[in-house]
Amino acid sequence: MKRSGQGCRPPLLRSRRKNAAVVDNARPITVVVADDHELFRRGMQTVLATEAGFQVLAQAADGEEAVTKVAELAPDVVLMDVRMPGIDGIEAARRIRQATPSTRVVMLTISDEEDDLYDAVRAGANGYLLKDASLQDVAAAVRAVARGESLISPSMASKLLAEFTAVTGGAESPGEKEGDEGTPRLSPREIEVLKLVAQGRTNREVAAALHLSENTVKNHVANILDKLHLRSRLEAVMYAMRTKLLELP
């Protein structure tokens, strides 16, 4: 993991839900670190301890211990590896989101497999960050999800888009076909917004690219989520890729 901020900042795919756990700025963000490598756990705890506004409540060596610790302590965020013995991080994320929905989950892993990302999103993870991210980016990620946002590592976003483009070969977007029954119909502007979101753009960057206000972009994103019956922008991107809703260049 990079020590400085030399790595790309992870794009924050914002998803403000009414029932999202938004942390009071007057108190520290509480965290549980779950990883089967003790040195990594200790390192993350040390790093977060040096950053203002964090409190690491506990460490967990596997998924089962993570579920137990989160149930006991109800932290704001759990940082969790995907690959762990016994109950893996994805199953642990699913159990945590069911038992302690106020805790937000960030997968912090070496796995850049698309299936792991899809499975993590379906399990309710609020973020997916690779371990080659800088420590500064990890701290920023914890703050972001604690505010009720979602995020995906930029390298994963790029890989997913490249894979999707190779598979589809630039096929016509089903979301824009006439009479395409069963596919939610997005407006041309909503398609534009979703394409930029899929590239990892923030609300501000989407607004600048389309010459819109940030509030207008937020409204478009809310409409997209409503039409797709999804909970977050991250899920919307995954849905769009899997159903070939996007026509990428």
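Scroll up to find the structure.
Residues numbered from 1 in each chain as written. Predicted model: local features only at pLDDT ≥ 70, side-chain atom pairs only at ≥ 80, totals over all residues. Heavy atoms only, no water.

## Some points on the pattern of salt bridges
Moving on, step 1. As enumerated under the stated definition, the model contains eleven salt bridges in all.
Moving on, step 2. Note that Arg94 and Glu91 form a salt bridge whose closest N and O atoms lie 2.6 Å from each other. Of this pair, Arg94 and Glu91 both sit in helix 3 (residues 89–99), three residues apart, which is roughly one turn of the helix.
Moving on, step 3. Under the relative-accessibility criterion, Arg94 is labelled partly exposed at 30%.
Moving on, step 4. Here Glu91 falls in the partly exposed class, since its relative accessible area comes to 26%.
Moving on, step 5. A salt bridge links Glu91 to Arg95; the shortest N-O distance between them is 3.0 Å. Placement of both Glu91 and Arg95 in helix 3 is noted, with a separation of four residues, approximately one turn of the helix.
Moving on, step 6. Classification of Arg95 as partly exposed rests on a relative accessible area of 37%.
Moving on, step 7. Via salt bridges that share partners, Asp35, Asp81 and Lys131 belong to a single interconnected network. (Salt bridge = Lys/Arg side-chain N within 4 Å of Asp/Glu carboxyl O. Helix = DSSP H or I, 4+ residues; strand = E, 2+ residues; numbered from the N terminus. Buried < 20%, exposed > 50% of the residue type's maximum accessible area, 1.4 Å probe, protein only.)

## Observations concerning the packing of aromatic side chains
Each aromatic ring pair is described using two quantities: the centre-to-centre distance and the angle formed by the ring planes.
Moving on, step 1. In total, this model carries zero aromatic pairs according to the counting rule given.
Moving on, step 2. Lying over the aromatic face of Phe40, Lys131 brings its terminal NZ or CZ to 4.1 Å of the ring centre. (Phe/Tyr/Trp six-rings, centres within 6.5 Å; stacked < 30°, edge-to-face > 60°. Lys NZ or Arg CZ within 6 Å of the ring centre and 35° of its normal.)

## Re the packing of helix 8 (residues 203–210) against helix 9 (residues 214–228)
Moving on, step 1. Packing of helix 8 against helix 9 leaves a shortest axis separation of 8 Å and a crossing angle of 105 degrees. One finds that helix 8 runs roughly perpendicular with respect to helix 9. Here Asn203, Arg204, Val206 and Ala207 of helix 8 come into contact with helix 9, specifically with Glu214, Val217, Lys218 and Val221.
Moving on, step 2. Of the residues assigned to the contact of helix 8 with helix 9, the class counts are four nonpolar, one polar and three charged. (Axes fitted to C-alpha atoms, helices over the stretch in contact; angles between N-to-C directions. Parallel < 35°, antiparallel > 145°, perpendicular 65-115°, else oblique. Contact = heavy atoms within 4.5 Å. Nonpolar A, V, L, I, M, F, W, Y, C, P; charged D, E, K, R; others polar.)

## Some points on helix 2 (residues 63–73)
Moving on, step 1. Buried within helix 2 are the following residues: Gly63, Ala66, Val67 and Val70. All buried residues of helix 2 project into a common sector of 100 degrees when viewed along the axis, lining one side. Turned more than 90 degrees from where helix 2 packs its buried face, Glu64 and Glu72 sit exposed.
Moving on, step 2. Here the buried face of helix 2 lies against strand 2 (29–34), strand 3 (54–60), strand 4 (77–80) and helix 3.
Moving on, step 3. Positioned one or two residues after helix 2, Ala74 has a phi angle of 45 degrees, which is positive. (Arc of directions from axis to C-beta.)

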